[in-house]
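Examination of the molecular architecture
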Amino acid sequence: MTQGADKSIVILVILLVLIGLTAVYSSTAVVPPGLQKGDAALDPMSQFVYLKKQGFTMLLGILALFVAYKIPLKFLRKLAIPLLLISLIGLLLVFTPMGITAGGARRWLRLWPSSFQPSELVKLSMVLFLAWFASTAFFNREKFFLFLIPIAVMAVFQLIFMLQPDFGAAMSLAILTLTLLFLAGARIRYLFYIALGALPVLVYLLMEPYRLKRIVTFLDPWKDPQGAGFQLTQSFIAFGSGGLQGVGLGESKQKLAFLPEVHTDFIFSLIGEELGFIGAAVVVTLFLMLFFRGFMIARKTEDPFAYYLATGISLMIAIQAIVNFAVVTGLAPTKGLPLPFISYGGSSLVVSLIAVGLLLNVSRYRTAKPTRGLMHIGGTAEDRGAEPSLASKTSQYALGRGYGQYRNRAASLRRSGRKQ
Amino acid sequence: MAAINKSQRIRALVVMGMLTFGFLAVFYRLADIMLIDHDWYLHKARGQQVRKEINPVKRGTIYDRRGRELAINLETESIFCNPADISSAGDVARALAAATKADEKTIYARLVTNKRFSWIERKMDTMQARQIRDLKLKGVGLIPEMKRIYPKGMLASHVVGFVNLDNKGVEGVEGGYDRYLSSKEESKLVTRDAKGNHLSTGTNREIRGNNVTLTIDEGLQYILEKNLDAAMIKWKASAATAIMMDPYTGEILALANRPTFNPTDLSNVDMNEVRNRAITDVFEPGSTFKVVVGIAALEEKTVKSGTRIDCSAGFVEVGGKRIKDDHRHGVLSFHEVIQKSSNVGTIKTALMLGKDKVYEYIKKFGFGDKTGIDLQGEISGLLRHSDKWSGMSIGSIAIGQEIGVTPLQIVRAYAVVANGGYLVTPHVVKEIRDPDGALIMKAETKAERIISEATVATFREILKTVTEEGGTAVKAAVEGNSVAGKTGTAQIYDPKTKRYSKTRYIASFVGFVPADNPRLAMVVVIKEPKGSIYGGLVAGPLFRDIANQALSYLTVPMDKTNDKGMVVLADKEEKH
């Protein structure tokens, strides 16, 4: 039995995208210096350049969202590995002449008629892969070497990220992967080993002068407000001058070349300045609600793949949002991460909308009546070794026979494992 | 069934809790920045987003009386830098030095200050500015500035004056009329972007000062200065002053001093050149001062034109001191006393008047007081009150010693004779109009009758008889025009020896032309001429040349066609 798409998610995402379009327009529709509104020299359409591009991308993203929404989950399972390989190839292509270097980093792929940032796709592929991996029959949370497989995949991507270099993407991928593995039931001990093993690498990477400088700057941006701390202090000024109600939509002064990357990574600062604490709080709340709703959808799913997919996507979006909020408010060192749905940039928007499509796809398979919630510590009947319920069977049917077999094998393996 | 087991459910709760904590931390942080520190950040924001801009003021033009430009503005550009934005001061300094041809070290010093704003080079021409702009140096900017230009060079520099680097009037009319020429600077708050560009500043109104029209006539000024320069060279004089005035209105038609300066380029000017000697320097007028006692005696009816005065002794004793005539005259009429410039006769007349009357008339003629000319730095001259005069003072003062007058004071005194008895207030500004041409100020003729018409007429008759007899200063004769004037030769008092110098003296000539129908009152003063001791030989020809050319410039019809004569009061006088 499938149901309609989750309306709450639809509404939340529509709101976020609309706020994003408004903010992108406000941040980019700046009259060039020396010209005034109404000047003949000023092309009246020039203010819409970014908005048009972002709007077009949004339409593209909505199309992709529908495809992701309609795609059968059993087929999606089969896509996990190929998509991972596509991401990998895309990421490697960045180092070929197809790659575009900007700001000292190779992060974009020339893709007619536009460019694409494969690292955005990597996150989604990783979620898909992990969901597939954790829901396969051979996944055993007790086996350290099995645990190492996703870690190895993550490490490969991280290595490529570091070559670009894109420390932020590597870090957020680690957070996402480890959190998902944690959710999948991986032993805390293993996670601890991994963390211990990663520590020297992390320390080594942080010794890189420019990263160290970023961290020092993050700790005290006012030490050098004209130099290293410029972006952060300007972001603070944007937020701070916004106050409770903001300076008014379109009235931002910080966008006038004070705040670098105001339409991309620091777009939340512009929202804070123009719409004030109220506006910023609304945006944060929308993301929080999206995250909660995503986990609620996951809770109602009846198979692990759907569960991991829903939690993974929710986490992917929420972690990105939190990291972005933390960076622009000075809670974390500066990293170039866009705010999903809102920042200007096609790759992030399209991938986020595909992710939402998948989340909505999963939401269709939720149980008709509310199950005992996550709070129910006792577990389900199945966990206790009972036969699969009718609903579960339906679900297995919906996902395909193959999946059901895996699922049963996995369950028996788990049981036998526990007995040993 | 559900997709996950019990422990995973707990883990999901843990993850939700952690992320919720993250979101709450963001909320807390936002509240901290946006609500608690709002005022502090707002202040910061205002500080960088809004800038107080001072609208540059375009100074008014200074015109001569016929509308010819004496001071105008040139649009120039100045380079400045924000030292914080300059990465390599050495490279920037080298590039700028090459473009501006200025000293590299000086520029470097200006690049490495702690200030946020530092001038590098001000008021460059547009060609140079374009060169700098093409260098596209980071942290270096150009802003337009008005440069004050005096298109006639040094002409009338002491009247026109000059401005400082910030276009504030300092000297002359530029200084004295600064509040008219300039305007109150308007400052406004403008929004700017991080690159310093202004955004939607609204109307960028140019503030213009008022235009000032002087009483100076460029043509007469040129004649005056050209001849003054020639005299300076001819007599190797140390300084000189000449003033040409309309005797009826007090309008200064021309005024010049030597040494002088170029108001456009003040790079190595010294105060000796800038000083407007016409109003700031005093000299002993000598014989030219006899006009005061002469007119006073006639006005007070102490004497008549024909009153006999015994000058046969050749000297007179005043306060135990002998003052001699150049040569013995015998008994002279009052008319002849003035005509022959007899010291003895003048002093005897003064003694008849008494020191209080003499003092009264000195004051009446405006000596000892500022003339009230609309130029800065005027002094009142040196005149002691009659109460403080010594016994011999009346004798000395009657013949123009023991008193210090400015060139302007003496020419004004002769204007009284020229205009029929009025003491006029000299002035250099004729009118002021706002940028749209509306009249703001018009100089009014301030003339006060101090001497009766009859007395002045009589005195002028005396001067005319002098003309008929000819004088010692024939060289001052004006071709085709009669001159009424008086030479003066005054020794310079040496403060070191406390004696009058035997070699240094001041030659002067003051008078008016044409004698019958005066158009111009004029004084020329030459300090320390070498070669001739007599004012008649030094200042007389200078007066003649200027007057000659001035009258022809003014196309004044000649009143004498057959005679080279002029009204000259004999100029030989003796110093004690």
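Quick look at the structure, then. (Residues numbered from 1 in each chain as written. Chains lettered and ligands numbered in written order. Predicted model: local features only at pLDDT ≥ 70, side-chain atom pairs only at ≥ 80, totals over all residues. Heavy atoms only, no water.)

Quick word on the overall build of chain A
Heads up, the rule is: Only DSSP runs of H or I with at least four residues qualify as helices, and only runs of E with at least two residues qualify as strands; both kinds are numbered from the N terminus onward. For each residue, the accessible area found with a 1.4 Å probe, counting protein chains only, is set against the maximum for its type, and the residue is called buried under 20%, exposed over 50%, and partly exposed in between. Should any heavy atoms of two residues lie within 4.5 Å, those residues are considered in contact. Only the protein chains shown count as cover for residues, and all accessible areas are computed by the Shrake-Rupley method using a 1.4 Å probe.
Counting secondary structure elements, chain A contains 14 helices and three strands. The burial tally for chain A puts 54% of its 420 residues in the buried class. Long-range pairs, those at least 24 residues apart, make up 73% of the contacts in chain A with a sequence separation of at least 6. Accessible area of chain A: about 18500 Å², with a carbon and sulfur share of 69%.

Here's the deal with the side chain of Ser-393 of chain B
Residues and elements named next belong to chain B. The following threshold applies: Whenever two N or O atoms come within 3.5 Å, that pair is a polar contact, provided that in protein one can donate a hydrogen and the other can accept it, and provided that, for residues adjacent in sequence, both atoms are side-chain atoms.
Residue position: Ser-393 is located in helix H16 (residues 393–398). Here the side chain of Ser-393 touches Ser-390 through a polar contact of 2.9 Å, landing on its backbone nitrogen. Within polar-contact distance, the side chain of Ser-393 engages the side chain of Glu-402 at 2.6 Å. Ser-393 has contacts with Arg-384 and Glu-402, leaving out every residue within four places of it along the chain.

Topic: helix H12 (residues 290–299) of chain B
All names here are of chain B. For H12, a buried count of ten out of ten residues is recorded, marking the element as mostly surrounded by other parts of the structure. Along H12, the residues classified as buried are Lys-290, Val-291, Val-292, Val-293, Gly-294, Ile-295, Ala-296, Ala-297, Leu-298 and Glu-299. At the C-terminal side of H12, Lys-301 shows a positive phi close to 55°.

Points about the environment of Gly-314 of chain B
Residues and elements named next belong to chain B. Structurally, Gly-314 can be placed in the loop between strand E15 (308–311) and strand E16 (315–318). Look at Gly-314 and you get buried, because its relative accessible area is 7%. Each C-alpha atom of the pair Gly-314 and Val-344 lies 6.8 Å from the other, and the pair is 30 residues apart in sequence. Those residues within four positions of Gly-314 in sequence are excluded, and the remaining contacts are Ile-323, Lys-324, Asp-325, Arg-328 and Val-344.

Considering the side chain of Gln-128 of chain B
Residue and element names in this part refer to chain B. Positionally, Gln-128 belongs in helix H5 (residues 126–135). Its relative accessible area of 19% is what places Gln-128 among the buried residues. When neighbours within four sequence positions are excluded, Gln-128 is seen to be in contact with Ala-99 and Thr-100.

Here's the deal with the packing of aromatic side chains
Cut-off, in case you're wondering: Between 30 and 60 degrees the pair is tilted, below 30 it is stacked and above 60 it is edge-to-face, where a pair is any two Phe, Tyr or Trp rings, Trp via its six-membered ring, whose centres lie within 6.5 Å. Look at NZ for Lys and CZ for Arg. If either is within 6 Å of the ring centre and within 35 degrees of the ring normal, a charge sits over the ring.
All told, the structure shown has 24 aromatic pairs over all chains when counted by the stated rule. With centroids separated by 5.0 Å and ring planes inclined at 65°, the aromatic side chains of Tyr-50 of chain A and Tyr-344 of chain A adopt a geometry described as edge-to-face. Placement of Tyr-50 of chain A in helix H2 (residues 49–70) and of Tyr-344 of chain A in the loop between helix H11 (304–328) and helix H12 (346–363) is noted, with a sequence separation of 294 residues between them. Note on Phe-289 of chain B and Phe-367 of chain B: the rings are 4.9 Å apart at their centroids and 65° apart in plane angle, and the pair reads as edge-to-face. Linking Phe-289 of chain B in the loop between helix H11 (277–280) and H12 with Phe-367 of chain B in the loop between helix H15 (355–364) and H16, this pair joins segments that are 78 residues apart in sequence. Like Phe-367 of chain B, Phe-289 of chain B is buried. Each member of the aromatic cluster is reached from another via a ring pair, and the members are Phe-239, Phe-268, Phe-287, Phe-325 and Phe-341 of chain A. Above the face of the Phe-305 of chain A ring, Arg-77 of chain A is positioned so that its terminal group lies 5.3 Å from the ring centre.

Comments concerning the environment of Tyr-359 of chain B
Residue and element names in this part refer to chain B. Within the secondary structure, Tyr-359 sits in helix H15. Sequence spacing of Tyr-359 and Ala-296 is 63 residues, and the spatial spacing of their C-alpha atoms is 10.0 Å. Leave out the neighbours within four places in its chain, and Tyr-359 touches Leu-383, Arg-384, His-385, Ser-386 and Trp-389.

Description of the pattern of salt bridges
All names here are of chain B. For clarity, the threshold we go by: Whenever a carboxyl oxygen of Asp or Glu lies within 4 Å of a side-chain nitrogen of Lys or Arg, that contact is scored as a salt bridge.
Scanning all chains against the criterion turns up 33 salt bridges over all chains. Across the pair Lys-357 and Glu-300 runs a salt bridge, and its minimum N-O distance is 3.7 Å. Of this pair, Lys-357 sits in helix H15 while Glu-300 sits in the loop between H12 and E15, and the two are 57 residues apart along the sequence. By relative accessible area, Lys-357 is classed as partly exposed at 29%. Looking at Glu-300, the relative accessible area reads 30%, which means it is partly exposed. With its nearest N and O atoms 2.9 Å apart, the salt bridge here joins Glu-528 to Arg-504. A residue pair is termed long-range when its members are at least 10 positions apart, and Glu-528 in the loop between strand E25 (520–527) and helix H19 (535–553) and Arg-504 in strand E24 (residues 499–513) qualify at 24 residues. Here Arg-504 falls in the partly exposed class, since its relative accessible area comes to 31%. Linked through salt bridges whose partners overlap, the residues forming this network are Asp-64, Arg-66, Arg-68, Lys-152, Asp-217 and Glu-218.

Details of the packing of helix H4 (residues 118–135) of chain A against H11 of chain A
The description of two packed helices rests on the angle between their axes and on the distance between the axes. Residue and element names in this part refer to chain A. We count it as follows: Angles shown run from 0 to 180 degrees and are taken between the N-to-C directions of axes, each axis being a line fitted to C-alpha atoms and, for helices, limited to the stretch in contact. Angle categories: roughly parallel below 35 degrees, roughly antiparallel above 145, roughly perpendicular from 65 to 115, and oblique for all the rest. Working rule for handedness: look at the near helix, and if it is turned counterclockwise from the far one by less than a right angle, call the crossing left-handed; if clockwise, right-handed. Side-chain classes are defined by residue name, with Ala, Val, Leu, Ile, Met, Phe, Trp, Tyr, Cys and Pro counting as nonpolar, Asp, Glu, Lys and Arg as charged, and the others, Gly among them, as polar.
At a minimum axis distance of 8 Å, the contact between H4 and H11 shows a crossing angle of 150°. Considering the angle they form, H4 stands roughly antiparallel to H11. Seen from above, H4 lies across H11 with right-handed handedness. Touching Glu-120, Lys-123, Leu-124, Val-127, Leu-128, Ala-131, Trp-132, Ala-134 and Ser-135 of H4 are Pro-304, Phe-305, Tyr-308, Leu-309, Gly-312, Ile-313, Met-316 and Gln-320, all from H11. In the contact of H4 with H11, the residues fall into twelve nonpolar, three polar and two charged.

Things to note about the nonpolar core
As a reminder of what qualifies: What makes a nonpolar core is a set of buried Ala, Val, Leu, Ile, Met, Phe, Trp, Tyr and Cys residues whose side-chain atoms join them at distances within 4.5 Å.
In this structure, Phe-268, Phe-287, Leu-309, Leu-315, Phe-325 and Phe-341 of chain A are the most contacted members of the largest nonpolar core, which totals 130 residues. Here this core takes 19 residues from H11 of chain A, the largest share from any one element. Not counting residues up to four positions away in its chain, the partners in contact with Phe-341 of chain A are Val-13, Leu-16, Val-17, Gly-20, Phe-287, Leu-290, Ile-317, Leu-349, Ser-352, Leu-353 and Val-356 of chain A. Grouped together as the second largest cluster of nonpolar side chains are 91 residues, Ile-295, Ile-347, Ile-362 and Ile-432 of chain B included.

As for unusual backbone geometry
Residues and elements named next belong to chain B. Cis rather than trans, the peptide bond between Arg-258 and Pro-259 has omega equal to 0°. Secondary-structure assignment places Pro-259 in the loop between strand E14 (252–258) and helix H10 (271–274). For the bond running from Val-513 to Pro-514, omega is -25°, close enough to zero to count as cis. By the element assignment, Pro-514 lies in the loop between E24 and E25. A positive phi angle is found at Ala-156, which is not glycine, with a value near 55°. With respect to the helices and strands, the residue Ala-156 is situated in the loop between strand E6 (140–149) and helix H6 (157–160). Notably, Asn-167 is not glycine yet its phi reads approximately 60°, a positive angle. Examined against the element boundaries, Asn-167 turns out to sit in the loop between strand E7 (162–163) and strand E8 (169–171). Asn-167 sits in the buried class, given a relative accessible area of 13%.

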